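# Analysis of the macromolecular model
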Amino acid sequence: MKEYIEYIGISAVLTVLAVLPHRVRVRLAGVAGKWILAPLLGWRERIRDNLTLAMPDLGAAERQDLTRRVCDHLGRLFIELFSPKAMARVAAETPFGGPGAEALTQALADGRPVICVSGHFGSYDVGRAALVQRGFNVGGLYRPMNNARFNTRYERAIGAVGGQIFPRDRKGFSTMIKHLRDGGLLTLLIDQHMDRGERLSFFDQPAYTSVQAAQMALKYGAILVPIYAIRQADGLSFTIEVEPPIPATDEVTMTQAINDSLEARVRAHPEQWLWTHRRWKAAR
């Protein structure tokens, strides 16, 4: 019954917002994120706790302002995930560059497998859509939502971006490996706590991190490339930055390099990361 009520409530909100122009829809979702979703879902307390741990030098007023901006971004991101047609148009207009862009182009020409790594930062689906539009055979790994009814709608939305999607289960992993071995491009987000991950560093705190991306890159000869879709000052548009491939050394060194890359992006744009994650369980 709880899942059903959640599904009806969220679906009603999405249905109402869907009739609005994209710009209005996204801005309104940002307002809802700050003043409705944040108190209802307990976002503020989790964000403040994580900011206190990771960025202890922030003053109280600065932390409060940043918490509001994070909630605004999360509201926008939520409605963007369920607006695949509009976001495909946004992705087509998004500048795509950075020092690693040429390496991606060369990999496509050579038929070499690619693993694009990022975090819950900016709009990761804009980055995925832009890669699809540039001719890459894109596959994305995702974690199914706990609410089974709503997960069906979620899968339909992220699948509409293009490419393939692989659920995080045994069958999904098997299909994902085949996709990579066949020379495909795989997108992964690696900034969630993993009980069986390596104890690495993120914001100078111990953070258990999956090394799977680096393992697969080494095993299948894929290039490992950090990529970020960064929200711009207007709150609606993005720019995509592709960083140089991570040097092929060992799985721990490579994964720490990814953590360092993401940390630098979050420090530059802290309002665009999903601070509601329980990322630092090892530090508490």
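Figured I'd write up the structure that's included with this text. (Residues numbered from 1 in each chain as written. Predicted model: local features only at pLDDT ≥ 70, side-chain atom pairs only at ≥ 80, totals over all residues. Heavy atoms only, no water.)

### Things to note about the environment of Phe238
Here Phe238 lies in strand β9 (residues 238-242). With 24 residues separating them along the chain, Phe238 and Leu262 place their C-alpha atoms 17 Å apart. Setting aside residues no more than four positions away along its own chain, Phe238 makes contact with Glu80, Met87, Val90, Thr94, Pro95, Ser123, Val126, Ala229, Ile230, Arg231 and Gln232. (Helix = DSSP H or I, 4+ residues; strand = E, 2+ residues; numbered from the N terminus. Contact = heavy atoms within 4.5 Å.)

### As for the pattern of salt bridges
This structure, assessed with the given rule, holds nine salt bridges. Of the charged contacts, one joins Asp182 and Lys178 as a salt bridge, the two residues approaching to 2.9 Å between their closest N and O atoms. The exposure class assigned to Asp182 is exposed, which follows from its relative accessible area of 54%. Residue class for Lys178 comes out exposed when judged on its relative accessible area of 52%. When salt bridges with common partners are traced through the structure, they connect Asp65, Arg68, Arg69 and Glu271 into a single cluster. (Salt bridge = Lys/Arg side-chain N within 4 Å of Asp/Glu carboxyl O. Buried < 20%, exposed > 50% of the residue type's maximum accessible area, 1.4 Å probe, protein only.)

### Looking at the pairing of strand β3 (residues 138-142)
Of all five residues in β3, five are buried, a share of seventy percent or more. Burial along β3 is two-sided: Val138, Gly140 and Tyr142 facing one way and Gly139 and Leu141 facing the other are all buried. Pairing geometry for β3 and strand β5 (residues 185-189), over three bridges, is parallel. By the bridge assignment, Gly139 is partnered in β5 with Leu186. For β3 and strand β4 (residues 164-167), the ladder comprises four bridges, and the chain directions are parallel. (Pairing = 2+ DSSP bridges.)

### A look at the packing of helix α9 (residues 170-181) against helix α10 (residues 212-220)
Contact geometry of α9 with α10 gives a least axis separation of 11 Å together with a crossing angle of 40 degrees. In terms of orientation, α9 lies oblique with respect to α10. For α9 against α10, the interelement crossing comes out right-handed. Along the contact surface, α9 presents Phe173, Met176, Ile177, Leu180 and Arg181, while α10 presents Gln212, Met216 and Tyr220. (Axes fitted to C-alpha atoms, helices over the stretch in contact; angles between N-to-C directions. Parallel < 35°, antiparallel > 145°, perpendicular 65-115°, else oblique. Left-handed = near helix turned anticlockwise from the far one by under 90°.)

### Regarding the sheet that holds strand β8 (residues 223-231)
Two orientations exist for strands paired in a sheet by backbone hydrogen bonds: parallel and antiparallel. The mixed open sheet is built from seven strands, whose spatial order is β1-β9-β8-β2-β5-β3-β4. This sheet does not close on itself; its edge strands, each paired only once, are β1 (96-97) and β4. Of the strand pairs in this sheet, β8 and β9 are connected by five bridges, and their pairing is antiparallel. Of the residues in β9, the one forming a bridge with Ala229 is Ile240. Strands in contact with α10 are β2 (114-118), β5 and β8; relative to β2, the strand with the most contacts, it is inclined by about 165 degrees.

Take it as geometry only, folks, not as evidence of what the structure does.
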